[in-house]
Protein chains: 2
Amino acid sequence: MIITLYSVGKNKEQWLEEACSEYIKRLTPDAIVQTEWLRDDQQLIKATSKEKRLLCLDPLGKEFTSEQFSKYLIQELENSGARLGFVIGGPLGLPKELKEKHPLISLSKMTFTHQCTRLILLEQIYRSFEIAKGSPYHK
Amino acid sequence: MIITLYSVGKNKEQWLEEACSEYIKRLTPDAIVQTEWLRDDQQLIKATSKEKRLLCLDPLGKEFTSEQFSKYLIQELENSGARLGFVIGGPLGLPKELKEKHPLISLSKMTFTHQCTRLILLEQIYRSFEIAKGSPYHK
């Protein structure tokens, strides 16, 4: 399975890179997870156009419990031939072109920094696979 | 203002300590934010008993947008004489004694690690003060 996180800007925080790498490493037996950093919204739209299935993160999107998200993610991966893209908007949010075309999902009603969003999303993807396996990670 | 985060366990992640320290530093002009780590639920109940006002974090608690949380936090600080405690449960959640006595608030319907919860809570406290000041941090 290949999951790609698309994000505008770049990661300037060393601590965050370490934290995200940890989850990406833990996910390796289940999925290849990669991040593509794009310069601006135009580049983001171009880069994401190659994905068959794209989910956009937005505080106003559909909310899930971790259990519901696990089911949703695994269903989405099955439906899309094991390839999925997530879009994390920059400081100005998601471009309208993507927002109108793809499902909006929400990690929280609250606005997080896009750095925190990436970390939380990775942790929830990892948690999703652990829930599906019935592992003790998610009690 | 003094805000104390009470948590069971200890922080083993260096990256998280750095990230949390950054927000604690940024918060200094507005509030002294400290973390108390407790060994177990009994210690947690004892330590938190000295707080006049305590808010407990739980995925089933009341959800807020960041703007709503900003108003709520500032109101709570005004009502409680500028002193407030937040409780983050350990891997087994919050002890019943605290859950039944204090308001439950939620950062997300999803379950986060308690490390991520601490980081997100600190970022939302920082964001709350920035929203109240009308700063460009929260666009």
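Here, the structure is the one placed above.
Quick caveat, the model's predicted, so the values are computed rather than measured.

Caption draft 1: The arrangement of the packing of helix 5 (residues 114–133) of chain A against helix 5 (residues 114–133) of chain B in detail. One can describe the packing of helix 5 of chain A onto helix 5 of chain B by two numbers: an axis separation of 11 Å at closest approach and a directional angle of 155°. With respect to helix 5 of chain B, the axis of helix 5 of chain A lies roughly antiparallel. As for the relative orientation of helix 5 of chain A and helix 5 of chain B, their crossing is left-handed in sense. Of the residues in helix 5 of chain B, those touching helix 5 of chain A at Cys116(A), Leu119(A), Ile120(A) and Glu123(A) are Cys116(B), Leu119(B), Ile120(B) and Glu123(B).

Caption draft 2: The arrangement of the relation of the copies chain B and chain A in detail. Of the transformation superimposing chain B on chain A, the axial component is 0.0 Å and the angular component is 180°, with the fit at an RMSD of 0.0 Å. Expressed as an axis order, the relation between the two copies is that of a two-fold axis. Most of the interface of chain B is mirrored in chain A, where 100% of its interface residues again form contacts.

Caption draft 3: Just the interface of chain B and chain A, in detail. Of the residues lining the interface, 24 residues belong to chain B; the matching set on chain A comes to 24 residues. Breaking the side of chain B that touches chain A down by element, the ones donating at least two residues are helix 1 (14–27), helix 3 (66–79) and helix 5 of chain B. Broken down by element, the residue count for the side of chain B that touches chain A peaks at five residues, all from helix 5 of chain B. When grouped by side-chain class, the residues that make up the side of chain B that touches chain A number 12 nonpolar, seven polar and five charged.

Caption draft 4: Geometry of the sheet that holds strand 5 (residues 104–106) of chain B. All names here are of chain B. The strand order across the open sheet built from five strands is 2-1-4-3-5, with neighbouring strands paired in parallel fashion. With one partner strand each, in any of the chains shown, strand 2 (32–38) and strand 5 form the two edges of the open sheet. Each strand of the sheet is rotated relative to its neighbour by a mean of 35°, with strand direction disregarded. The pairing of strand 3 (residues 54–63) with strand 4 (residues 83–88) spans four bridges and is parallel. In the strand pairing of strand 4, Leu-54 is matched with Gly-85. Against the sheet, helix 2 (residues 41–48) touches strand 1 (2–8), strand 2, strand 3 and strand 4, its axis set at about 165° to strand 1.

Caption draft 5: Structural context of the sheet that holds strand 4 (residues 83–88) of chain A. Residue and element names in this part refer to chain A. Pairing is parallel in the open sheet, where five strands are placed in the order 2-1-4-3-5. One side of each edge strand has no neighbouring strand; the edge strands of this open sheet are strand 2 (32–38) and strand 5 (104–106). Neighbour to neighbour, the strand axes of the sheet diverge by 35° on average, direction disregarded. Sheet topology note: the strand 1 (residues 2–8)/strand 2 ladder contains seven bridges and is parallel. Bridging from a neighbouring strand, Tyr-6 pairs with Glu-36 of strand 2.

The rules behind each value
Residues numbered from 1 in each chain as written. Chains lettered and ligands numbered in written order. Predicted model: local features only at pLDDT ≥ 70, side-chain atom pairs only at ≥ 80, totals over all residues. Axes fitted to C-alpha atoms, helices over the stretch in contact; angles between N-to-C directions. Helix = DSSP H or I, 4+ residues; strand = E, 2+ residues; numbered from the N terminus. Parallel < 35°, antiparallel > 145°, perpendicular 65-115°, else oblique. Left-handed = near helix turned anticlockwise from the far one by under 90°. Contact = placed C-beta atoms within 7 Å. Least-squares fit on C-alpha atoms with pLDDT ≥ 70 in both. Nonpolar A, V, L, I, M, F, W, Y, C, P; charged D, E, K, R; others polar. Pairing = 2+ DSSP bridges.

Nothing here speaks to function; it is geometry throughout.
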